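Here is how the chains run, residue by residue.
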Amino acid sequence: MKNFLALVFTLFLGFMIITALSNNEAFPKYGEADVSTRVSQKYLDRSVNGNPGEIIFREATNLESGPANTVTAIVADYRSFDTLGEVTVLFISSLGVALLLGSTKQRRMELDFHPNFMLKVGSRALFGIILMTGIYISIHGHLTPGGGFPGGTMIASSMLLLYLADDEFRAKIKGFKILESAAGSAYVIIGLLGLLIGSYFLENLLNNGVLGYLFSAGMIPIIYVLIGLKVGSEISGVIDNFLTEESV
Amino acid sequence: MSAILLIAIPLLAAFISILFKKASPYILLFVSFGSVIILGYLPLETITIGGFSAPYGINLVLDQYSLIALYVVDTLFFLIVAIACVKYKKISTVLLVALAGLNGILLTGDLFNLFVFIEVSGIAAYLITTTNKKPLATFNYLVAGTVGSSLYLLGLIILYAMFGTLNMADMSANIASSGLTIAVAFPFLLMFIGLGVEAKLLPFNSWAKGILAHSNKLTGPMIASVYAAAIGFVFGRLLTSVFVFSDKLGLILTIIVIATIVAGEAMAFASGKVREILLFSSIAQSGLVVLIFLQGFVGWGVFLIVANAAGKLILFMIANHASDELGTDEVKAFKGLFVNNKVIGLAFTVASLSAIGLPMFLGFVVKMNILGDLFATGDYLIPAVILITSIVEGIYFVRLLMKLWYKEDNLPVVQYEFVLKYVVVVLAVLIMLFGVYSAPVETTANDIDANTIVEGGNL
Amino acid sequence: MLQYAAIVLLMLGLYGLLTQRNIIKIIISLNILEIGLNLFIVSVGFVDGGLAPIFTSVNNSSNLVFVDPLPQALVLTAIVIGVGTTALGLALAKNIYQKYGTFEIDEMGEE
């Protein structure tokens with residue numbers, strides 16, 4: 001009975017959402033969004049503080065926001081305050097998992113499956129490849145899709161591979177904590193430096209370089225590397241907390 | 001001195017304090033005290049972040065409304081931390097992030113940034129409630145909070161698709177100039193429901209019973225007083241500056257809120273446990289705050305939040321300490337509690353009488369002015385609801401007070417430490433002071449009303 | 001089409017939250033709700049015939065038609081926040097299992 005009522009309620013709600021959106025004359029139909037009336041047009045043209053004209057790949061120099069990837073420009077430059085909040089959410093989640101599941105003496109959890117020698121050795125070869133892919137994606141965030149968050153998650157997934165393939169492996173959690181704390185503080189300190197040296201919090205202080213080169217976009221690759229390290233160490237900490245238990 | 005430091009410094013302190021675990025409670029005390037002090041040196045302005053002015057970048061708005069909100073929330077936060085940090089040392093990093101998140105909620109001028117900071121302080125709240133040692137109640141809170149935030153984000157995205165901007169001031173200007181009041185009703189309803197989950201409005205407040213009925217000295221005051229005040233201020237900002245109400249939407253929202261008030265008071269009347277009485281009264285007060293903002297009275301809404309937050313801090317702190325010591329919170333076990341703790345009892349009495357709205361207390365001044373303004377607009381239903389619920393509130397609070405002051409044979413023995421006594425007495429004295437000498441309260445409330453640019457709303 | 005799929009996922013997640021009584025299934029329903037929401041956000045920015053908003057050696061001028069990059073940036077943040085809450089939810093689930101010995105809410109009795 002309760003399932004039936006819930007089904008009726010959700011069908012009714014879905015129907016209501018669809019009718020409200022179709023009858024709404026200001027809500028554009030799928031595929032007909034007019035980007036020129038939204039704030040995003042100025043993000044695409046990099047013309048929030050003055051108009052640089054047409055932007056050509058590998059020729060435009062020192063734009064107001066350097067990355068070739070406009071999504072990175074939004075996440076790490078125009079709206080980088082939201083990214084600071086997001087980094088804080090991950091920080092506090094990993095801290096919360098450590099609070100809930102952590103204890104003083106810990107050892108790896110006993111599982112029924114014991115991996116054999118080939119798995120343990122072979123996974124180390126794969127670990128290096130995955131780690132390098134994660135670092136590549138994290139560094140090239142301003143030129144290709146990706147950036148710090150997927151890169152950091154790949155770094156953490158390389159740690160997960162080692163945890164799953166070897167049931168006695170434990171990473172050095174103290175080192176991860178120091179890395180996480182240092183990367184997070186560095187992000188806030190970069191912001192405060194922008195306030196002290198420039199005039200705005202989180203202002204991009206370095207030269208933005210030529211659009212499309214690896215060394216361009218000012219501080220954004222630095223910020224993305226910091227975020228990648230932070231996310232990687234946080235999620236590795238979460239994995240460690242889930243796969244360990246109290247040792248007697 | 002820029003208001004961004006209110007958010008950046010607690011975050012920096014939180015990132016650093018996980019390396020210095022032993023010193024973290026002192027860092028917490030220092031930073032929360034510093035954030036109260038720094039409020040005196042901040043000029044009222046709009047702060048751009050990153051060099052890109054609104055609406056293409058994010059901006060923080062520090063006007064008179066935010067300044068009062070920041071004073072209230074930061075001061076109460078510092079008081080709770082000062083009392084409770086001795087016992088709950090492990091959670092100090094989470095409290096630092098909660099402070100940064102609460103300041104972010106009150107300062108921001110961008111709707112998506114508001115979502116991010118609501119999530120930050122929400123997750124900090126879930127972690128604070130884990131000190132209750134009731135994981136199922138925390139899990140319910142987590143699920144309810146996440147669903148609420150998702151509904152808020154859905155409404156926000158529909159608004160973005162319609163108007164193309166995420167900034168609060170820009171959005172309200174676009175809505176006013178486009179004249180589409182019916183079409184925006186649906187996203188506004190979604191956003192209202194999303195925020196209403198955290199504000200304990202019916203029917204989304206099932207998490208509140210689990211969390212607050214078993215709360216301890218840190219969780220109870222923090223969730224019921226500080227977080228409730230912050231969400232109330234956010235509602236005030238959104239309801240009066242951004243939202244535009246068609247008549248039908250206003251009617252639906254008013255019905256939801258009145259149902260909350262009535263249900264809250266009724267369940268408080270029927271309850272036999274002290275913490276439950278207090279938490280249902282909190283639910284009803286949240287509903288009342290949203291109702292006042294719905295009618296458009298910004299200044300008196302602000303002071304209702306202030307009076308309510310200070311009062312609930314006193315009530316929850318006293319009740320939770322006694323529950324911790326006695327192990328139960330049935331009213332029968334509390335009988336005669338105040339006979340040996342006269343100072344505490346006086347503070348509790350002052351706070352509860354202010355909540356009812358008796359003369360000589362701040363609650364009376366607030367309620368009188370609200371009722372006066374409502375009668376002036378010609379509405380009779382809402383003042384009637386407020387008066388009837390105040391009478392019900394009066395009955396159960398006075399009943400509780402009589403039981404607690406009653407002289408009996410087996411008196412419960414509860415010791416209150418000096419810091420707690422000091423804090424609740426100071427707050428109680430302030431409530432009485434502004435209740436009697438109410439001129440500055442009235443001028444400030446009228447000031448806020450005049451200065452708030454009401455582009456939406458139904459004033 | 002994509003927006004209908006997003007709304008169907010939203011409603012599936014909501015239905016799961018209303019009816020399921022197993023902690024792990026509740027967490028999965030919450031994740032499905034968030035996936036639907038993120039899909040809806042991205043679909044709001046789509047432009048027919050638009051290119052991905054990245055300057056490359058092939059799409060090298062700003063005069064081309066790009067899709068809206070702002071919803072994609074919002075979704076980046078929303079996904080990460082969802083991951084954070086899921087991690088916390090799973091840690092709470094492990095604590096609930098250690099305390100009560102089961103994942104079914106109905107077997108847990110009084111909290």
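The model shown is predicted, which means the values in this text are computed figures rather than measured ones.

Draft legend 1. Structural view of the overall build of chain C. When you go through chain C residue by residue, the secondary structure sums to three helices and zero strands. For a compact globule of 111 residues, the expected C-alpha radius of gyration is about 13 Å, and chain C comes in at 19 Å, more than 25% above that figure. Taken over the C-alpha atoms alone, chain C extends approximately 65 × 25 × 15 Å along its principal axes. Residues counted as buried form 47% of the 111 residues belonging to chain C. For chain C, the share of sequence-separated contacts (at least 6 apart) that also reach a separation of at least 24 residues comes to 53%.

Draft legend 2. Representation of the overall build of chain A. Across its full length, chain A holds eight helices and two strands. Rg of the C-alpha trace for chain A: 23 Å, well past the compact-globule value of 18 Å for 248 residues, more than 25% over. Its C-alpha atoms give chain A principal-axis dimensions of about 65 × 60 × 35 Å. Every one of the 248 residues in chain A was classed for burial, and the buried ones make up 42%. Looking at chain A alone, contacts between residues at least 24 apart form 73% of all its contacts between residues at least 6 apart.

Draft legend 3. The arrangement of the interface of chain C and chain A in detail. At the interface, 40 residues of chain C touch 45 residues of chain A. At the level of elements, α1 (2-19), α2 (23-44) and α3 (69-100) of chain C are the ones that each hand at least two residues to the side of chain C that touches chain A. In terms of residue class, the side of chain C that touches chain A is made up of 23 nonpolar, 14 polar and three charged.

Draft legend 4. Inspection of the interface of chain C and chain B at higher detail. Facing 24 residues of chain C, the contacting portion of chain B comprises 22 residues. Of all the secondary structure elements, the ones that give two or more residues to the side of chain C that touches chain B are α2 and α3 of chain C. At 12 residues, the largest contribution of residues to the side of chain C that touches chain B is made by α3(C). When grouped by side-chain class, the residues that make up the side of chain C that touches chain B number 16 nonpolar, five polar and three charged.

Draft legend 5. Local environment of helix α2 (residues 24-38) of chain B. Residue and element names in this part refer to chain B. Helix length check: α2 (15 residues) gives 21 Å between terminal C-alpha atoms against 21 Å at 1.5 Å per residue, within 8%. Those residues of α2 not exposed but buried are S24, P25, L28, V31, S32 and S35. The buried residues of α2 all sit within an arc of 130° when viewed along its axis, so they share a single face. Projecting away from the buried face of α2 at angles above 90 degrees are the exposed residues F30 and I37. The elements touched by buried residues of α2 are α1 (5-17), α3 (64-84) and α4 (92-107).

Draft legend 6. Representation of unusual backbone geometry within the structure. You will see that R46(A), though not glycine, has its phi angle at about 50°, which is positive. Exposure remark for R46(A): the 24 C-beta atoms within 10 Å place this residue in the buried category.

Draft legend 7. Local environment of the nonpolar core. Core analysis: the biggest nonpolar cluster contains 267 residues, and V73(B), A230(B) and I314(B) have the highest contact counts within it. Those residues in contact with I314(B), other than ones at most four positions away along the chain, are A347(B), F348(B), A351(B), V424(B), L427(B) and A428(B). Ranked by size, the runner-up nonpolar core spans six residues in total, among them A60(A), L63(A), L211(A) and F55(C).

Draft legend 8. Focus on the environment of A284(B). Residue and element names in this part refer to chain B. Counting through the fold element by element, A284 comes out in helix α12 (residues 274-295). Separated by 107 residues in the primary sequence, A284 and I391 have C-alpha atoms spaced 13 Å apart. Leave out the neighbours within four places in its chain, and A284 touches T260, I261, G264, E265, A268 and T389.

Draft legend 9. Up close: the confidence of the model for chain C. All names here are of chain C. Per-residue confidence for chain C gives a mean pLDDT of 88; residues scoring 70 or more make up 97%. No element of chain C has a lower mean pLDDT than α1, at 90, and none a higher one than α2, at 93. Scored as a whole, the predicted complex attains pTM 0.93, and scored at its interfaces, ipTM 0.95.

Draft legend 10. Representation of the packing of α12(B) against helix α16 (residues 381-405) of chain B within the structure. Residue and element names in this part refer to chain B. Contact geometry of α12 with α16 gives a least axis separation of 12 Å together with a crossing angle of 160°. The orientation of α12 with respect to α16, classified from their angle, is roughly antiparallel. Crossing geometry of α12 relative to α16 is assigned as left-handed. On the side of α12, the interface is formed by I277, S281, A284 and L291, while α16 contributes I382, T389, E393, Y396 and L400. Considered class by class, the residues forming the contact of α12 with α16 number six nonpolar, two polar and one charged.

Draft legend 11. Just the environment of I305(B), in detail. Residues and elements named next belong to chain B. Along the polypeptide, I305 turns up in helix α13 (residues 298-326). Along the backbone, I305 and E393 are 88 residues apart, and their C-alpha atoms lie at a distance of 17 Å. Dropping the residues within four chain positions of it, I305 is found in contact with A229, G232, F233 and V289.

Draft legend 12. The packing of α4(B) against helix α10 (residues 219-242) of chain B, seen in detail. Residue and element names in this part refer to chain B. The geometry of α4 relative to α10 is characterised by a closest axis approach of 9 Å and an angle of 20° between their N-to-C directions. Taken as axis vectors, α4 and α10 run roughly parallel relative to one another. You can see that α4 and α10 cross each other, and the crossing is left-handed. Counting all contacts with α4, which are made through L102, I105 and L106, the residues of α10 involved are V226, A230, F233 and V234. Broken down by class, the residue content of the contact of α4 with α10 amounts to seven nonpolar, no polar and no charged.

Draft legend 13. Representation of the environment of L161(A). Structurally, L161(A) can be placed in helix α6 (residues 148-165). Given 17 C-beta atoms within a 10 Å radius, L161(A) is considered partly exposed.

Rules used throughout
- Counting restarts for each chain: residues are numbered from 1 in the order of the written sequence.
- Lettering for chains starts from A, numbering for ligands starts from 1, and both go in the order in which the items are written.
- With the structure being a predicted model, the display of local features is reserved for residues of pLDDT at least 70 and the display and counting of side-chain atom pairs for 80 or more, all residues being used for whole-chain, interface and lining totals.
- Per the convention used, a helix needs a DSSP run of H or I reaching at least four residues, while a strand needs a run of E reaching at least two, with both numbered from the N terminus.
- Radius of gyration here uses only the C-alpha atoms, and the compact-globule reference equals 2.2 Å multiplied by the residue count raised to the power 0.38.
- To sort residues by exposure, count the other C-beta atoms lying within 10 Å of each residue's C-beta; 20 or more gives buried, 12 or fewer gives exposed, and values between give partly exposed, all with C-beta atoms placed from the backbone.
- Placing C-beta atoms from the backbone, we regard two residues as in contact once those atoms come within 7 Å.
- Residue polarity is assigned by list, with Asp, Glu, Lys and Arg as charged and Ala, Val, Leu, Ile, Met, Phe, Trp, Tyr, Cys and Pro as nonpolar; anything else, Gly included, falls into the polar class.
- To estimate the expected span of a helix, count its residues, drop one, and scale the result by 1.5 Å.
- Directions are taken from the helix axis to each C-beta atom, and the arc is the one they span.
- Joined through C-beta atoms within 7 Å, a set of buried Ala, Val, Leu, Ile, Met, Phe, Trp, Tyr and Cys residues constitutes a nonpolar core.
- What pLDDT expresses is the predictor's confidence in each residue, scored from 0 to 100.
- Where helices are involved, their axes are fitted lines through C-alpha atoms of the stretch in contact, as for all axes, and angles between N-to-C directions lie from 0 to 180°.
- Should an angle fall under 35 degrees it is called roughly parallel, over 145 degrees roughly antiparallel, and 65 to 115 degrees roughly perpendicular, with every other angle called oblique.
- By convention, the crossing between two helices is left-handed when the near helix turns anticlockwise from the far helix through less than a right angle, and right-handed when the turn is clockwise.

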